[in-house]
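# Architecture and fold: a report
Here's the letter readout for the chains.
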Amino acid sequence: MKKLQYARLTLLIVDFIVISFLVFDFGFIVYEKFKTHKLILISCLIPILLAVNIFRYYHQKKSIKKTLSLTYTILFSIVLVSSFIIFLFSPERALADFLLHMKPYLEGSLLLYLIIRLSILIRYLYSIYFNPAIIFVGSFFIIDLLGAFLLMLPKATTQGNIHFIDALFTATSAVCVTGLAVLDTSKDFTTFGQSIILFLIQLGGLGILTFTSFFAFFFRSGSSFKEGLYLKDFVSSENLKDTLRFAMQIVTFTLGIEALGSILIYFSLDHASDIQNPVFFSVFHSISAFCNAGFSNISNGLFNTDLQFDYSFQWIIMILIILGGLGYNIVFNFYSYFKVLINNLIYREHKKPIVRLITLNSKIVLVTTVILLIAGFAFFGISEFNNTIAVHDSWLGKFTTAAFQSVTPRTAGFNTIDYGSLALPSILFVMLLMWIGGSPASTAGGIKTTTFALATLNILSTAKNKPEIEIGTRSIHNDTIKRAFAILCISLITIGVAILLLLIFEPGKDLLHIAFECFSAYSTVGLSLNLTPDLSNASRLVLILVMFIGRIGMLNILIGLLRRINSKMYQYPKENILIN
């Protein structure tokens, strides 16, 4: 037992050294004289980690810990053996030059090791304290702060350092997959800084517990009942038994779609353009689009002259935005439906029933999304035909631009037009689309399509004097209606307070511009009328808070703070209140 304790202590010390080394190596501009020291240190760290994990594997009794130690052992063994083989086939190189050439791969293995270790640590923290809403808020807050400090590292920005408020704003915008920016992502951040932003977008889009559950499923380490309950609520899974499997599917589906999107974007680009690194550009925009983040690592975003008329590229971005905004439940639900449908066509003798396979939630989301997309396309096509769309000569260009403006306001935040040039009716309609947002359990923000649909249906049901909302042969539970209207009220109150504060902090600024930024921040869209970079630090802090509330939901915070499990054995007399 003492040997294991010593091994655990050694591993903690090495972990601290690894973290310090990676932060120093990636984040700071160091002198040439430190190059040799860094190469010596990284060449020592991996053999030490390998030896400690081999020792732990043979002395551990718990199968989960043995599996983890074996995974680390295989990882570092592959790295060392591969490095040795490569070195044998290139004898003309000096050892220092060889290590310098292999350094990115060695660092990559250390990063992967730290990610796994971090996921294990987070799962341990979840087992100690359990409150789904507070954990949800806390994980986003911690990621936000860590991202801000990483963005303040000298090598993250072209200027060498940035103000903490600017770093916090950028990190919050990335974690909350918003896209509002006080700095130019392409000019003010280096490739390292843009990579940090991209990592924050990915974490914010999926949620940190989804990642930890992915590793839990991968290592077959299981999960606590508490963790299963929380993840069930976060990913909106109806089956507690398959929660970890669902998290695994979410991560693999996301990475697969983003990889496919990267490939399609790369081949859609005009490689004679000024895009310096098309591979990183493709990966960045695929992740940013699917996570509905709206960040771009090229000047002027998609309004750039190289991309504004690249219609195939814009259609790929639109498809990624729609898939990310629909939500995993909807995509998987329709996948299951078409899978059964195709199997029934192939194996006619063993047909499976497909009645009720598509849930009512999926139908509401799909119908509402289609209506909003068509309405947005028609509105922008008419309203902006002789304005921002007029610069496109072909009908394909006009059609694509109108379609893009219908898709992007619903939490994506990319722009292929100058939003400062929009007509007033178009600006107001964009604010409506931003407020509605995407679908629940997705990377999108806003009040969500289901909330908007239920509010609309409730108005019709009340007008018809029906006690419940009825859709087909189903009725909606009153608790769902109450939650929908609570979200509606909280959203309007939050946006209203934010507008009031910005009017106080920014005297003389246009009300419409301020309202637009507040709607964009709350709905985690990222579209702007070019006001955000000119805001004071106080106003930026307000928008940071609004983005945070918009991503996690004020209702989730209130539920986490106020909800109590009470079983009442009584009921008070009911009275009617005059409403109208």
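Remember, it's a predicted structure, so these values are computed and weren't measured experimentally.

This next bit is on empty space enclosed by the protein. Within this structure, the stated rule accounts for two cavities of 30 Å³ or more. The computed volume of the largest cavity comes to approximately 100 Å³. Lining the largest cavity are 13 residues, with Ile321, Ile322, Gly325, Thr369 and Arg410 positioned closest to its centre. When residues of the lining of the largest cavity are assigned to their parent elements, the largest contribution, four residues, is made by helix α13 (residues 311–326). Considered class by class, the residues forming the lining of the largest cavity number six nonpolar, six polar and one charged.

Of the residues in the protein, 80% have a pLDDT of 70 or more, and the chain-wide mean is 79. No element of the protein has a lower mean pLDDT than helix α10 (residues 225–234), which averages 50, and none a higher one than helix α20 (residues 511–522), which averages 92. Predicted confidence is poor over residues 220–225, with pLDDT under 50, and the contacts of this stretch with residues over four places away or in other chains come to 11 contacts.

As for its placement among the helices and strands, serine 406 is situated in helix α16 (residues 395–407). Given the relative accessible area of 1%, serine 406 is considered buried. From its side chain, serine 406 meets the backbone nitrogen of phenylalanine 377 in a polar contact 3.3 Å long. For serine 406, the residues in contact, after removing those within four places along its chain, are Leu372, Leu373, Gly376, Phe377, Phe380 and Leu433.

A complete count under the given rule lists two salt bridges for this structure. Among the salt bridges present, the one from aspartate 166 reaches arginine 540, with a minimum N-O distance of 2.4 Å. Within this pair, whereas aspartate 166 is found in helix α6 (residues 164–175), its partner arginine 540 is found in helix α21 (residues 537–552), the two being separated by 374 residues in sequence. Salt-bridge contacts for lysine 509 lead to glutamate 506; the nearest nitrogen and oxygen are separated by 3.6 Å. Take lysine 509: its relative accessible area is 31%, and that puts it in the partly exposed class.

With that out of the way, let us pick up α6. Under the 1.5 Å per step criterion, the end-to-end length of α6 is 16 Å for 12 residues, consistent within 8% with the ideal 16 Å. Of all the positions in α6, only Ile165, Asp166, Ala167, Leu168, Phe169, Thr170, Ala171, Thr172, Ser173, Ala174 and Val175 are classed as buried.

Our focus in this paragraph is the packing of aromatic side chains. All told, the structure shown has 14 aromatic pairs when counted by the stated rule. Measuring from ring centre to ring centre gives 6.0 Å for phenylalanine 280 and phenylalanine 284, while their planes differ by 55 degrees; the resulting arrangement is tilted. With phenylalanine 280 and phenylalanine 284 both in helix α12 (residues 278–290), this residue pair falls four residues apart, about one helical turn. Given a relative accessible area of 0%, phenylalanine 284 falls into the buried group. Judged by centre distance (6.0 Å) and plane angle (85 degrees), the rings of phenylalanine 379 and phenylalanine 380 are edge-to-face. Members of the aromatic cluster, connected to one another through ring pairs, are Phe253, Phe290 and Phe332. The aromatic ring of phenylalanine 385 is capped on one face by lysine 398, whose charged end is 5.0 Å from the ring centroid.

We now examine the side chain of serine 461. Within the secondary structure, serine 461 is located in helix α18 (residues 449–463). Apart from the residues lying within four places of it in its own chain, the contact partners of serine 461 are Lys466, Glu468 and Ile469.

All right, on to helix α17 (residues 424–436) then. Helix length check: α17, at 13 residues, gives a terminal C-alpha distance of 19 Å against a target of 18 Å (1.5 Å per residue), a fit within 8%. Every buried residue of α17 is listed here: Ser426, Ile427, Phe429, Val430, Met431, Leu433, Met434, Trp435 and Ile436. A positive phi of about 75 degrees marks glycine 437, the residue just after α17.

With that out of the way, let us pick up the environment of lysine 351. Within the secondary structure, lysine 351 sits in the loop between α14 (328–346) and α15 (360–383). The exposed category is assigned to lysine 351, whose relative accessible area is 54%. As for lysine 351 and valine 340, which are separated by 11 residues in sequence, their C-alpha atoms are 8.3 Å apart.

The geometry of α15 relative to α16 is characterised by a closest axis approach of 8 Å and an angle of 130 degrees between their N-to-C directions. With respect to their mutual orientation, α15 and α16 come out oblique. Considering only the axes of α15 and α16, their crossing is right-handed. Residue-level inspection shows Leu372, Leu373, Gly376, Phe377, Phe380 and Gly381 of α15 in contact with α16, the latter providing Phe399, Ala402, Ala403, Gln405, Ser406 and Val407. Here the contact of α15 with α16 is built from residues that sort into eight nonpolar, four polar and no charged.

The rules behind these values
- Residues numbered from 1 in each chain as written.
- Predicted model: local features only at pLDDT ≥ 70, side-chain atom pairs only at ≥ 80, totals over all residues.
- Heavy atoms only, no water.
- 1 Å grid on protein atoms, 1.4 Å probe; cavity = no way out; pocket = protein on both sides within 12 Å on 5 of 7 lines; lining within 4 Å.
- Points joined across faces, edges and corners; volume = space filled by probe spheres on them.
- Helix = DSSP H or I, 4+ residues; strand = E, 2+ residues; numbered from the N terminus.
- Nonpolar A, V, L, I, M, F, W, Y, C, P; charged D, E, K, R; others polar.
- pLDDT = per-residue confidence, 0-100.
- Contact = heavy atoms within 4.5 Å.
- Buried < 20%, exposed > 50% of the residue type's maximum accessible area, 1.4 Å probe, protein only.
- Polar contact = N/O pair within 3.5 Å; in protein donor to acceptor, adjacent residues only side chain to side chain.
- Salt bridge = Lys/Arg side-chain N within 4 Å of Asp/Glu carboxyl O.
- Expected span 1.5 Å × (residues − 1).
- Phe/Tyr/Trp six-rings, centres within 6.5 Å; stacked < 30°, edge-to-face > 60°.
- Lys NZ or Arg CZ within 6 Å of the ring centre and 35° of its normal.
- Axes fitted to C-alpha atoms, helices over the stretch in contact; angles between N-to-C directions.
- Parallel < 35°, antiparallel > 145°, perpendicular 65-115°, else oblique.
- Left-handed = near helix turned anticlockwise from the far one by under 90°.

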